[in-house]
Amino acid sequence: MRSVPRAIRPTVLEAARAFPAVVVTGPRRAGKTTLLRQVFPRATYVLLEDPDVQARARSDPRALLEDLRLPVVFDEIQNVPELLPYIRARIDHAPRKMGQWLFTGSQEAPLMQGVTESMAGRAAILQLLPFSLAETDGVSLLHGGYPEVLARPAGRGLWFSSYIQTYLERDVRAIVNVRDLATFRRFLALLASRHGQILNKTDLAAPLGVSVPTVGDWLHVLEITGQVILVPPYFENFGKRLIKSPKVYLGDSGLACYLLGIATQAELDRSPFLGALFEGHVAAEILKSQINRGRRKELYHFRDQQGLEVDFLFPNGQDGPWMVECKAAKTVQPYMAGPLGSLRRSMGGEAPVRSSVVHRASTTAPPMRALAPGIEALDVRAFVDELNGRSARSSKAGAARRRKPK
Ligand SMILES: Nc1ncnc2c1ncn2[C@@H]1O[C@H](COP(=O)(O)OP(=O)(O)O)[C@@H](O)[C@H]1O
Ligand SMILES: [Mg+2]
């Protein structure tokens, strides 16, 4: 696969101008090492997964640091948290030298917490997730966004199975006590079957014969490692009682399809999970657009006890919230605007709210059109263009899509 430019690049450069250190965290194989090596080609590179380097870092950290030419990329810093206090001392010795210490870390919670604490105020912390649709057209519901899956789609089954074995299990084990890996596997499959639903930990724990706190721990680890998305409810007060639990999604739709046993596009098209998978894909695109610009993740769902549901709400800069209803259909119908219209009315129509029905792209339907007063239909590609300020894509098709009729 050709090297794909990463949307987070300007954010990394900006962070390196403003902070002595930059930490890029995120799921394994998302492209963290490649990103830092491409953005800082002249930096010294130290892989802290190498046992010799680890031994040296532990036995004589000062010597290791003094011998380095800065800037330096420390790859997988969670392996040698012992280095951090020494690095901090070096930073505090020359606090105005920016962008000298560049780290990647796969968020193994206690270790990464050490990074966060010892680097407080000295480091910008960024998260890199797998490719978004704004970065490459290769991203799809079936394949998700991991670079290696997109490079070799045919090997996807094998890739995901070894990914789960090598990383998910290892990372979860490093943090919480997983006594029985077979149960953890079943947990992942069960979680995939709950994709897009309101999280109910009891309902996940019972069939597996584990405790509710155990399920909570596993979910927490998967969330901080960027594997699971939890979307909390929106709590603006409309004088209604709202559902309080988050909705849960696997972060990568390719991994979700793999766990659900969906192996082909045809199987995906007739899967009962199609709608939920599409919704999760849209959620991931929204979060990626936020974190690639160095913003906080901010995504909510809306569901009240009268049964009014809107899939997602998130801040849209000066323009107030943006509400999105996801439809896996390729044909949009006016009735699909219903819930958005109701929620707009209950918000009093004062706050400016952008409202979109986001649907799967089709070659024969327009990417964008008005559906009802104040409510537009956008196909997922047009939506991603809009999310990322339109300049993110430069293809001809993107340019055509961007010519939005006023
Ligand atoms: N921007 C990119 N374009 C194309 N392939 C990429 C890109 N970033 C990463 N990859 C590929 O994805 C795989 C994982 O990347 P890597 O940087 O090692 O991930 P991480 O450090 O997050 O584990 C590698 O095979 C790499 O070549
Ligand atoms: Mg790496």
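Please read these numbers as outputs of a predicted model, since none were measured by experiment.

1. So, the sheet that holds strand E11 (residues 321–327)
Within a sheet, adjacent strands bond to each other through the backbone by hydrogen bonds, running parallel or antiparallel.
Point 1. With mixed pairing, six strands are arranged side by side in an open sheet as E9-E10-E11-E12-E14-E13. The outermost strands of the open sheet, each flanked by one partner alone, are strand E9 (300–303) and strand E13 (368–372). Taking each pair of neighbouring strands and ignoring which way they run, the sheet shows an average axis angle of 35°.
Point 2. Sheet topology note: the E11/strand E12 (residues 354–359) ladder contains six bridges and is parallel. Each bridged residue has a counterpart across the sheet, and for tryptophan 322 the counterpart in E12 is arginine 354.
Point 3. Of the strands in this sheet, strand E10 (309–315), E11 and E12 touch helix H14 (residues 274–292), which is tilted by about 10° from E10.
Point 4. The sheet strands contacting helix H16 (residues 380–387) are E12, E13 and strand E14 (375–379), and the helix crosses E14 at an angle near 105°.

2. Regarding the nonpolar core
Point 1. By size, the foremost hydrophobic cluster in this structure holds 111 residues, and its most contacted members are Ala21, Val22, Val282, Ala283 and Phe312.
Point 2. Both domain 1 (9–127) and domain 2 (134–406) contribute no fewer than three residues apiece to this core.

3. A look at unusual backbone geometry
Point 1. In this model, leucine 70 is joined to proline 71 through a cis peptide bond whose omega is -5°.
Point 2. With respect to the helices and strands, proline 71 occurs in the loop between helix H4 (61–66) and strand E3 (72–75).

4. Brief notes about the site of ligand 1
Point 1. Taken together, 14 residues are adjacent to ligand 1, and Gly31, Lys32, Thr33, Thr34 and Pro147 come closest.
Point 2. At the level of secondary structure, the elements contributing two or more residues to the shell around ligand 1 comprise helix H2 (32–39) and helix H7 (147–151).
Point 3. Within the shell around ligand 1, the residues separate by chemical class into four nonpolar, five polar and five charged.

5. Quick look at the packing of helix H10 (residues 201–208) against helix H11 (residues 212–224)
Point 1. In the contact formed by H10 and H11, the axes pass within 8 Å of each other and the chain directions differ by 110°. When the axes of H10 and H11 are compared, the pair comes out roughly perpendicular. In this structure, H10 uses Lys201, Thr202, Leu204 and Ala205 to contact H11, whose residues at the interface are Val212, Thr214, Val215 and Gly216.
Point 2. Among the residues forming the contact of H10 with H11, the class breakdown is four nonpolar, three polar and one charged.

6. What to know about the pairing of E11
Point 1. Across the seven residues that make up E11, a large majority, five, are buried.
Point 2. Pairing between E10 and E11: four bridges, direction antiparallel. The residue bridging phenylalanine 312 from the neighbouring strand is valine 324, located in E11.
Point 3. As consecutive antiparallel partners, E10 and E11 are separated by five residues, and within that stretch glycine 317 has a phi angle of approximately 55°, a positive value.

7. Some words on the domain arrangement of the protein chain
Point 1. Entries for the protein chain in the domain assignment read domain 1 (9–127) and domain 2 (134–406).
Point 2. Of note, the centres of domain 1 and domain 2, computed from C-alpha atoms alone, are 31 Å apart.
Point 3. Domain 1 puts 14 residues into the contact, and the matching count from domain 2 is 17 residues.
Point 4. Secondary structure elements with two or more residues in the side of domain 1 that touches domain 2: helix H1 (9–18), helix H6 (109–118) and strand E5 (123–127).
Point 5. A per-class count over the side of domain 1 that touches domain 2 returns five nonpolar, six polar and three charged.

8. A short note on the sheet that holds strand E6 (residues 197–198)
Point 1. Judged by pairing direction, the sheet is antiparallel, and its three strands sit side by side in the order E6-E8-E7 without closing on themselves. Whereas interior strands pair on both sides, the edge strands pair on one side only; in this sheet they are E6 and strand E7 (228–231).
Point 2. Bridge analysis of E6 against strand E8 (residues 247–250) gives two bridges, and the strand direction is antiparallel. By the bridge assignment for E8, glutamine 197 is matched with valine 248.
Point 3. Its contacts with the sheet put H14 on E7 and E8, and the angle it makes with E7 is roughly 90°.

9. Here we look at the confidence of the model for the protein chain
Point 1. When the pLDDT values of the protein chain are averaged, the result is 89; 91% of them are 70 or greater.
Point 2. Counting interchain partners and residues more than four positions distant, the pLDDT-below-50 stretch residues 391–406 has 14 contacts.

Rules used throughout
- Residues numbered from 1 in each chain as written.
- Chains lettered and ligands numbered in written order.
- Predicted model: local features only at pLDDT ≥ 70, side-chain atom pairs only at ≥ 80, totals over all residues.
- Pairing = 2+ DSSP bridges.
- Helix = DSSP H or I, 4+ residues; strand = E, 2+ residues; numbered from the N terminus.
- Axes fitted to C-alpha atoms, helices over the stretch in contact; angles between N-to-C directions.
- Contact = placed C-beta atoms within 7 Å.
- Core = buried A, V, L, I, M, F, W, Y, C linked by C-beta atoms within 7 Å.
- Buried ≥ 20, exposed ≤ 12 C-beta atoms within 10 Å, placed from the backbone.
- Domains from an automatic or database assignment.
- Near = placed C-beta within 6 Å.
- Nonpolar A, V, L, I, M, F, W, Y, C, P; charged D, E, K, R; others polar.
- Parallel < 35°, antiparallel > 145°, perpendicular 65-115°, else oblique.
- pLDDT = per-residue confidence, 0-100.

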